[in-house]
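Coordinate analysis (summary)
As a plain string of letters, each chain reads:
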Amino acid sequence: MATIFQGLRGGAAAALTNSIDSKKLLSRSTRRSLSERKVSFPVVRSDGSVNLNPGGSNARARRVDQLITNAVATKADSSAASSTSKPGHELLLFEALREGLEEEMDRDPHVCVMGEDVGHYGGSYKVTRGLADKYGDLRVLDTPIAENSFTGMGIGAAMTGLRPIVEGMNMGFLLLAFNQISNNCGMLHYTSGGQFTIPVVIRGPGGVGRQLGAEHSQRLESYFQSIPGIQMVACSTPYNAKGLMKAAIRSENPVILFEHVLLYNLKERIPDEEYICNLEEAEMVRPGEHVTILTYSRMRYHVMQAAKTLVNKGYDPEVIDIRSLKPFDLHMIGNSVKKTHRVLIVEECMRTGGIGASLTAAITENFHDYLDAPIVCLSSQDVPTPYAGTLEEWTVVQPAQIVTAVEQLCQ
Amino acid sequence: MAVCVRQSRKSIINHVKAKMGLLGLTCLSSSMPSLNNDHRTLSAASLAKDLRNQNSVLENKPILYRTRRFDSTKPHQRSGVQSNVANSQFLDFPGGKVAFTSEMRFISESPKERIPCYRVLDDDGQLIEGGINVGKEIAVKMYSDMATLQTMDTIFYDAQRQGRISFYLTTIGEEAINIASAAALTIDDFVVPQYREPGVLLWRGFTLEQFANQCFSNRGDDCRGRQMPIHYGSKKLNYLTVASTIASQLPHAVGVAYSLKMDGKDACAVTYFGDGGSSEGDFHAALNFAAVTEAPVLFICRNNGWAISTPTSDQFRSDGIVVRGEAYGVRSIRVDGNDTLALYSAVRTAREMAICEQRPILIEAMTYRVGHHSTSDDSTKYRPVDEIELWRSARDPITRFRKWIESNGWWSSEAESELRSNVRKQLLDAIQVAERTEKPPLVDMFTDVYDAVPSNLSEQEKWLRETIKIHPQDYPSDFPL
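Thresholds applied
- Residues numbered from 1 in each chain as written.
- Chains lettered and ligands numbered in written order.
- Predicted model: local features only at pLDDT ≥ 70, side-chain atom pairs only at ≥ 80, totals over all residues.
- Heavy atoms only, no water.
- Pairing = 2+ DSSP bridges.
- Helix = DSSP H or I, 4+ residues; strand = E, 2+ residues; numbered from the N terminus.
- Axes fitted to C-alpha atoms, helices over the stretch in contact; angles between N-to-C directions.
- UniProt positions renumbered as here; feature names shortened; annotations may be inferred.
- Core = buried A, V, L, I, M, F, W, Y, C linked by side-chain atoms within 4.5 Å.
- Buried < 20%, exposed > 50% of the residue type's maximum accessible area, 1.4 Å probe, protein only.
- Contact = heavy atoms within 4.5 Å.
- Buried area = accessible area lost by both parts, 1.4 Å probe.
- Salt bridge = Lys/Arg side-chain N within 4 Å of Asp/Glu carboxyl O.
- Polar contact = N/O pair within 3.5 Å; in protein donor to acceptor, adjacent residues only side chain to side chain.
- 1 Å grid on protein atoms, 1.4 Å probe; cavity = no way out; pocket = protein on both sides within 12 Å on 5 of 7 lines; lining within 4 Å.
- Points joined across faces, edges and corners; volume = space filled by probe spheres on them.
- Nonpolar A, V, L, I, M, F, W, Y, C, P; charged D, E, K, R; others polar.

1. Re the sheet that holds strand S6 (residues 163–167) of chain A
Residues and elements named next belong to chain A. Overall, mixed pairing links the 7 strands, which are arranged S5-S4-S6-S7-S9-S8-S14 in an open sheet. Two strands in the sheet have a free side with no partner beyond their single neighbour: strand S5 (140–142) and strand S14 (324–326). Direction aside, the axes of adjacent strands within the sheet are offset by 20 degrees on average. When strand S4 (residues 111–115) meets S5, the two strands line up parallel, connected through 3 bridges. Paired with Met114 across the strands is Leu141, a residue of S5.

Now the structure itself:
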């Protein structure tokens, strides 16, 4: 299986474009597990078939292997090197987003992109690199700095036949576009009696990064989740990034696609054939029996990190990347709850009013009888994200907390 | 029927259009109305003196370097800096050459004279010398629609006062802006309204029954009972559904224009807003965007003097809205908003400029809001009654235009009374029918939130239906389920 964390390990090939210390990210959390025994566990692919990791490779690569998502179409392979005989191609998450975007722009001439620095600059995270040269600077539009305006512009263009993708340079900036997103994007299909549709995609990087400061570390999914009329999805791997991007563009509803600043350099091998991911589905990352861990975006990797520890301690967690933040995939979540009877939610949102809070309410309402213990929700604290590295680290849920929570939950 | 002077202009445009293609046109400034370049400047020495006495008009503005950003929708090389000529009196700053001056001058915050207002019909409905003509058919339709709009407003307003509808908002005093601008557009021009422009819908064929249905939120309502009265919308007539938010439609209009530009259509976006709406951030952003993206959009400002109770003196300190156009690089004009013919010709010309030259145009129509802001407002509380009466009677745009068409022999008092009584009867019938028409069914509460009803909404609908079944006495009995 291809290695996902090459970029995050600070490998030569995938140099980070922003100020993220990749080694610190992984090494801090894996230091504890270096001394522990290696245990292999089965990895389930998105189509339901199971691959067992063959034994024998070095500890570090295997640990990384075990942390990867299973949605890749290729079989599990102990060698970390990619070979030309394998199907599919390897790319980083931001490239996967671009690939999905480009395929849709090729397929449908109405698809266009607008945002700050998306044109010749290629986007602040290089998701739109090269597109302006290929499609022209009208179809990949550089806008002045007015989020409310270009979001409104995207809405107006969508109502008259285009399919714009609006990029917020950072999701936090879209707070300036809240009026347009809530009052117009979400509403106009309804209030016009179904006459006008708004097939717009609003996307951008969000979440807590590496010392980007409080204003650039917002979790907008908390604020937007209440708006009727929109759908929200969060991508976490190159595979689902491309799939969700394509699905979002093809959807007739306005979709907000949440990316994470720290996940852009994840590497994965994805299929050559065309595919899309279902916008309303969650993703089974690791099936298990003891506890259901629900997470999304970057926290998926912290959870998988903790899963490694938990497995060593004899637990069998089921990890689900909920992916669809609005609406929740209560079908998959419900089946999991009925199986394990214990739920742990791990999110990056703040305690109050986050996705976890809504998810807790939804599960309690629908599956209360199946729960053996109250739902535990691990979130960030209700504080603005501090700048200092140590403080910032403590504000985000760490694998150790996840392990402790599972242990307490399973007592 | 086309206008004489305009025809020659139009044929020039068509001829050039045919030669060069829609997007490749150069600016036809010779045939366009002259741009007002007056600027007052202050010299440092005279700062202490009274501002109004000291003025030196800057005749020639420095020429701004400008590239055409979108030659086509096909990719192209970005053009580099054109001139490297070193000139000691100019410097190449980012954005273009700027001349130097050793005299410290502050540009005044207000001009000595306000930008003049374009008008061709005087107060008595007489054509001013050099004005333009429209044909009988258009003129009579314009007048009839203005009179219909006025009657509709009166009757619906009364219906609200009688408790038959919950809310209404009149266009009294601004009928000319509504109808004349609508007449100057084609059905392909996409209208993005604020809320005081139902006349545009009326011109395009929205029936009185449709207006009534929306106000009564019944089953015949195009909005399916989901919006307040006067929030009309019609995809068929290219008129975007009214949203209550102020000025949020301005960026939408730029998006619509962007869409039209991408498709290379012979149409423009048209958006309306008031003097109050021009204070919103969306106004600034939309104008800026439209200029930068070279979008074919008409921004029509109904400067009616009042934003609910806020007079324009408390809304802004600039010379109205028209001067802001230049600040964003948008061509602009100030028009007498109660002069039907002036509006018609200004909008017609602006539309051609917008489409042929792919640029936004700002039109400030000066007028007065004769009615209250809405049925929730009593404007006599904050403005003198005689001021309202003056504008309602002596300065009524409909009366003024009526004098003109009567002087042409196209209208008479018989035609007038016939029109008024017909429309009145039609409206009263429409209201009666709309009032009795069934309300939208419960299922319409949950549809169109998304393209397909998702499971959570189906559940919520089911739950609601069950609740109604258990407690029927707590829900209106005449409500269709």
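2. Details of the UniProt feature "domain: Dehydrogenase E1 component" (unreviewed entry) in chain B
UniProt marks residues 146–441 of chain B with the feature "domain: Dehydrogenase E1 component" (unreviewed entry), using the numbering shown here. A helix fraction of 48% and a strand fraction of 11% characterise residues 146–441 of chain B, whose end C-alpha atoms lie 35 Å from each other.

3. Examining the nonpolar core
A general tendency of soluble globular proteins is for nonpolar side chains to be buried together. Counting 82 residues, the largest nonpolar core has Phe224(A), Tyr258(B) and Phe299(B) as the members making the most contacts within it. Top element by residues in this core is helix H6 (residues 249–263) of chain B. It accounts for 8 residues. Those residues in contact with Phe299(B) that sit more than four places away from it in its chain are Leu250(B), Val254(B), Thr271(B), Phe273(B), Ala286(B), Leu287(B), Ala290(B), Pro360(B), Ile361(B), Leu362(B) and Ile363(B). If you look at the next biggest cluster of nonpolar residues, it comprises 75 residues, including Ile177(B), Ala183(B), Leu237(B) and Ile398(B).

4. What about the interface of chain B and chain A?
Taken residue by residue, the interface counts 48 residues in chain B and 49 residues in chain A. Both faces considered, chain B and chain A share a buried interface measuring about 4000 Å² in area, 61% of it formed by carbon and sulfur atoms. The largest share of the area that chain B buries against chain A comes from Tyr258(B), Phe289(B) and Tyr450(B), three residues that together contribute 18% of it. Between the two partners, chain B and chain A, sit 0 salt bridges. Here chain B is connected to chain A by 14 residue pairs in polar contact (both at pLDDT 80 or more). Mapped onto the side of chain B that touches chain A, the elements with two or more residues apiece are H6 and helix H7 (281–293) of chain B. Considering every element that reaches the side of chain B that touches chain A, the biggest residue donor is H6(B), with 9 residues.

5. Things to note about empty space enclosed by the protein
Residues and elements named next belong to chain A. Using the criterion set out here, one finds 8 cavities of 30 Å³ or more in the structure. Taken as a whole, the second largest cavity encloses approximately 100 Å³ of empty space. Gly206, Gly207, Glu221, Ala234, Phe258, Glu259, His260, Tyr296, Ser297, Arg298, Met299 and Glu348 are the residues that line the second largest cavity. The biggest single contributor to the lining of the second largest cavity is strand S9 (residues 255–260), with 3 residues. Across the lining of the second largest cavity, the residue classes break down as 4 nonpolar, 4 polar and 4 charged.

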